[in-house]
Amino acid sequence: MPEWVSNRLKPGGRIGADPTLVSSAAWERWAKKLAENSVYLLPIRNNLVDFIWGSSQPSYSKHDAHVWPIEYAGKTWQEKVAAVRTMVEGHGCDAMVVTSLDEIAWLLNIRGRDIPFSPVLRAYVVLTKSQISMYVPPNKLDLSVQRQLRTDNCYSAFCVRLQNYTSIWEDLRTLSQVWKKVLLPAEDEFSQGVSRAIYTAIPVDKRHVAQSPIMTLKSEKNPTEKEGMRKAHIRDATAFCDFMAYLEDKMADGENWDELKVAHYLDKFRREQNLNRGISFRTIVAFGPHAAWPHYVPSNVTSLSVDRSSILLIDSGGHYLDGTTDVSRTFHLGSPSDREVDIYTRVLMGCIDLAMLQFPHYLPIRNIDVLARAHLWQAGVDYRHSTGHGVGVYGSVHESPININWQSKDAKMFRVGYFFTEEPGFYQEGQFGMRLENVLEVVQNNFNSTHGPFLSFRIITLIPFEPKLIDRSRLSPQQKRWLNDYYSRIRSEVGPELRRLPNMKGYHWMMDRTQPFLVDCDSSAAVSLNHVFLLVLLLSLGLA
């Protein structure tokens, strides 16, 4: 954007932007880049687009916020507030401005429907040692939320004072006069941090920009949240398997399907699941050449017919009261080519190698990326997106601080209770693409007296892979054993749910695709690249 603007303005030119809609971190990057070409970025108090829109501007969501029950949250909002206050005090601050909507939803154990595909409420929260102020549009909190937050006659440190949404700007300028230091959340992976307007509302000498303590606490799931995520993925797998059986059955009967129809029916199967609260992002269904676009979404104009001639990629997810899912699977409903089998097998091997990893707790997150890409690199190919991201619990499907990318300069480390995706892929423009995505849970594996805790991953996505796209001869014995264990879990955990359905076709579809692999007893015949790259990682850390 700065380059585009600079090419269209002469030196000394000015460009305006709405500081309430731009993060402070992005604003500073833009301003610095524009200044290199003597172009100046200025704040515009009144949004000009709103003036142009006039009376035809769409209204905001009228849906009320609702309580997220303690049986799914695992901790009361008062416990969370107390923990955040302690961390804010540790920063030497006496106040914090919370602007990230998923952080507000987590902190107060409430959810909303103000943003598409995200169960959040449009609001601001100002947290001090003795007060909690919530800036929210009128009539957005139903009685159950008001009772939970104790909004009536609020005079204690553990009740919420409701303020008008737009009063935040004036209040910050007034209140900051009595505060010593104010914690302003910084940009971090999928969190943009405070807006430029929030940032400039606080005097320069009172700003303390740092990683949000709420983000830190939210990313480490408590025991209730962990169990909820596991259960949500079992129900989600039930919907997916049942749908795929339905799709293949209907196509066998000669029914015509296109990308949009596949997305519509998969969403319908998910919404019928117990505790479902909608989809977690717009469902990606990409057939043939469209699968070569990593984030293609079908529309009435672009939707291709789905048949047996090429690859079908489905990337989808759901929100449940007890968890959020995000899964990608690649299918071929006909006879795949040798090239398609080769690439799919390499992508699958990367998934397995990463999932099998055991590592010291201080290994940087970015370093595991090589395991997902290694088999593709051997073939001289790669993919141009990150390998994974954090996942929230009935929250944001892209949650900070996890972003798995070997090019990252961030040295953050995994913590027990993190949930994240692994999603290697391949994209050949104009031909086909494929991606496999699972959600993994970080668990403690064992303890080393020298190096401390060692961690590993537990896969909680329980959906079979496409057997006709797997070259079994290429898999190592270790990889085959991992697959056998994985398929055994699918049968034992998803199988009972599928058997309870009136239609057993989903169960038979799942059973057919989870046939065990014959494991070669001679393990020396094939050595997993997992060991090779783990050794490289350990050497880089001085551990081997």
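Placed above this text is the structure.
Moving on: the side chain of Asp322. Along the polypeptide, Asp322 turns up in the loop between strand 16 (318-320) and strand 17 (323-324). The exposure class of Asp322 is buried, given its relative accessible area of 6%. Residues within four places of Asp322 in sequence aside, it is in contact with Tyr72, Glu225, Gly228, Met229, Lys231, Ala232, Arg235, Leu275 and Val393.

Those residues of helix 8 (residues 168-175) that sit buried are Ile168, Trp169 and Leu172. In a view along the axis of helix 8, the buried residues occupy a sector of 100°, so they form one face of it. Turning to helix 8, the residues buried within the fold contact strand 4 (95-98), strand 6 (124-128), strand 7 (132-136), strand 8 (161-164) and helix 9 (196-201).

The next point concerns the packing of aromatic side chains. Throughout the structure, instances matching the rule amount to 23 aromatic pairs. Geometrically, the ring pair formed by Tyr124 and Tyr165 is stacked, given 5.3 Å between the ring centres and 25° between the ring planes. Of this pair, Tyr124 sits in strand 6 while Tyr165 sits in the loop between strand 8 and helix 8, and the two are 41 residues apart along the sequence. Tyr165 carries the same exposure label as Tyr124, and that label is buried. Joined through ring pairs, the aromatic side chains of Phe243, Tyr246, Trp257, Tyr265 and Phe269 make up one cluster. Over the ring of Phe158 we find Arg85; its NZ or CZ atom is 5.1 Å from the centre of that ring. Cation over ring: Arg472 sits above Phe517, and NZ or CZ is 3.8 Å from the ring centre.

Its 12 residues give helix 2 (residues 24-35) an end-to-end C-alpha distance of 16 Å, which sits within 8% of 16 Å, the value for a rise of 1.5 Å per residue. Regarding helix 2, the residues found buried are Ser24, Ala26, Trp27 and Leu34. Buried residues of helix 2 fall within an arc of 155° about the axis and therefore sit on the same side. Elements in contact with the buried residues of helix 2: helix 1 (2-6), strand 1 (14-17), strand 2 (40-43) and helix 9.

Turning to the pattern of salt bridges, a few remarks are in order. Inspection of every chain in the model, using the stated rule, returns 26 salt bridges. Of the charged contacts, one joins Glu36 and Lys33 as a salt bridge, the two residues approaching to 3.7 Å between their closest N and O atoms. Ionic pairing is found between Arg230 and Glu441, a salt bridge with its closest N-O pair at 2.8 Å. Here Glu441 lies in strand 25 (residues 438-448) and Arg230 lies in helix 11 (residues 223-252), a separation of 211 residues in the sequence.

The subject of this paragraph is the nonpolar core. Counting residues in hydrophobic clusters, the biggest one holds 77 residues, and the most contacted among them are Ile368, Phe414, Phe420, Phe457, Phe465, Trp482 and Leu483. The contacts of Phe457, once residues within four sequence positions are left out, are Leu354, Ala355, Leu357, Phe359, Ile368, Phe414, Phe420, Leu440, Glu441, Val442 and Val443. Membership of the second largest hydrophobic core comes to 26 residues, among which are Val88, Met96, Val98 and Val136.

A word on the state of the cysteines. Covalent bonding between the sulfur atoms of two cysteines is what defines a disulfide. All told, the structure shown has one disulfide when counted by the stated rule. The disulfide bridge from Cys154 ends at Cys159, spanning 1.9 Å between sulfur atoms. Given an S-S torsion of about 85°, the disulfide between Cys154 and Cys159 has right-handed geometry. Taking the relative accessible area as the measure of exposure, Cys154 reaches 9% and is therefore buried.

The next thing to look at is the side chain of Thr421. Along the chain, Thr421 turns up in strand 22 (residues 419-422). Exposure remark for Thr421: the relative accessible area of 0% places this residue in the buried category. Once residues lying within four places of it in the same chain are set aside, the contact partners of Thr421 are Asp326, Thr387, Gly388, His389, Val391, Ile404, Glu437, Asn438 and Val439.

Next up on the list: the environment of Gly13. As for its placement among the helices and strands, Gly13 is situated in the loop between helix 1 and strand 1. Since its relative accessible area comes to 14%, Gly13 is described here as buried. Distance in space between the C-alpha atoms of Gly13 and Leu34 is 9.7 Å, their sequence separation being 21 residues. Ignoring anything within four residues of it in the chain, the contact list for Gly13 reads Ser38, Val39 and Tyr40.

Right, let's get into the packing of helix 13 (residues 338-355) against helix 14 (residues 369-378). Packed helices, taken two at a time, are described by the angle their axes make and the gap between the axes. At a minimum axis separation of 7 Å, helix 13 and helix 14 run at an interaxial angle of 150°. In terms of orientation, helix 13 and helix 14 fall into the roughly antiparallel class. Seen from above, helix 13 lies across helix 14 with right-handed handedness. The residues of helix 14 that touch helix 13, namely those facing Arg346, Val347, Met349, Gly350, Asp353 and Leu354, are Leu371, Ala372, His375, Leu376 and Gln378.

Attention now moves to the environment of Asp512. Along the chain, Asp512 turns up in helix 17 (residues 505-512). By relative accessible area, which is 48% here, Asp512 ends up partly exposed. As a C-alpha pair, Asp512 and Pro467 span 45 residues in sequence and 9.2 Å in three-dimensional space.

What follows covers the sheet that holds strand 10 (residues 207-210). In spatial order, the strands read 8-7-6-4-9-10; together these six strands make up an open sheet with mixed pairing. The two strands at the open ends of the sheet, each matched to only one other strand, are strand 8 and strand 10. Ignoring strand direction, the axes of neighbouring strands in this sheet form an average angle of 25°. Note: strand 9 (residues 182-185) against strand 10, four bridges, orientation parallel. Paired with Leu183 across the bridge in strand 10 is His208. The sheet strands contacting helix 5 (residues 77-90) are strand 4, strand 6, strand 7 and strand 9, and the helix crosses strand 6 at an angle near 65°.

What counts, and where the lines are drawn
- Residues numbered from 1 in each chain as written.
- Predicted model: local features only at pLDDT ≥ 70, side-chain atom pairs only at ≥ 80, totals over all residues.
- Heavy atoms only, no water.
- Helix = DSSP H or I, 4+ residues; strand = E, 2+ residues; numbered from the N terminus.
- Buried < 20%, exposed > 50% of the residue type's maximum accessible area, 1.4 Å probe, protein only.
- Contact = heavy atoms within 4.5 Å.
- Arc of directions from axis to C-beta.
- Phe/Tyr/Trp six-rings, centres within 6.5 Å; stacked < 30°, edge-to-face > 60°.
- Lys NZ or Arg CZ within 6 Å of the ring centre and 35° of its normal.
- Expected span 1.5 Å × (residues − 1).
- Salt bridge = Lys/Arg side-chain N within 4 Å of Asp/Glu carboxyl O.
- Core = buried A, V, L, I, M, F, W, Y, C linked by side-chain atoms within 4.5 Å.
- Disulfide = S-S within 2.5 Å.
- Axes fitted to C-alpha atoms, helices over the stretch in contact; angles between N-to-C directions.
- Parallel < 35°, antiparallel > 145°, perpendicular 65-115°, else oblique.
- Left-handed = near helix turned anticlockwise from the far one by under 90°.
- Pairing = 2+ DSSP bridges.

By themselves, these are just geometric observations and shouldn't be taken as functional.
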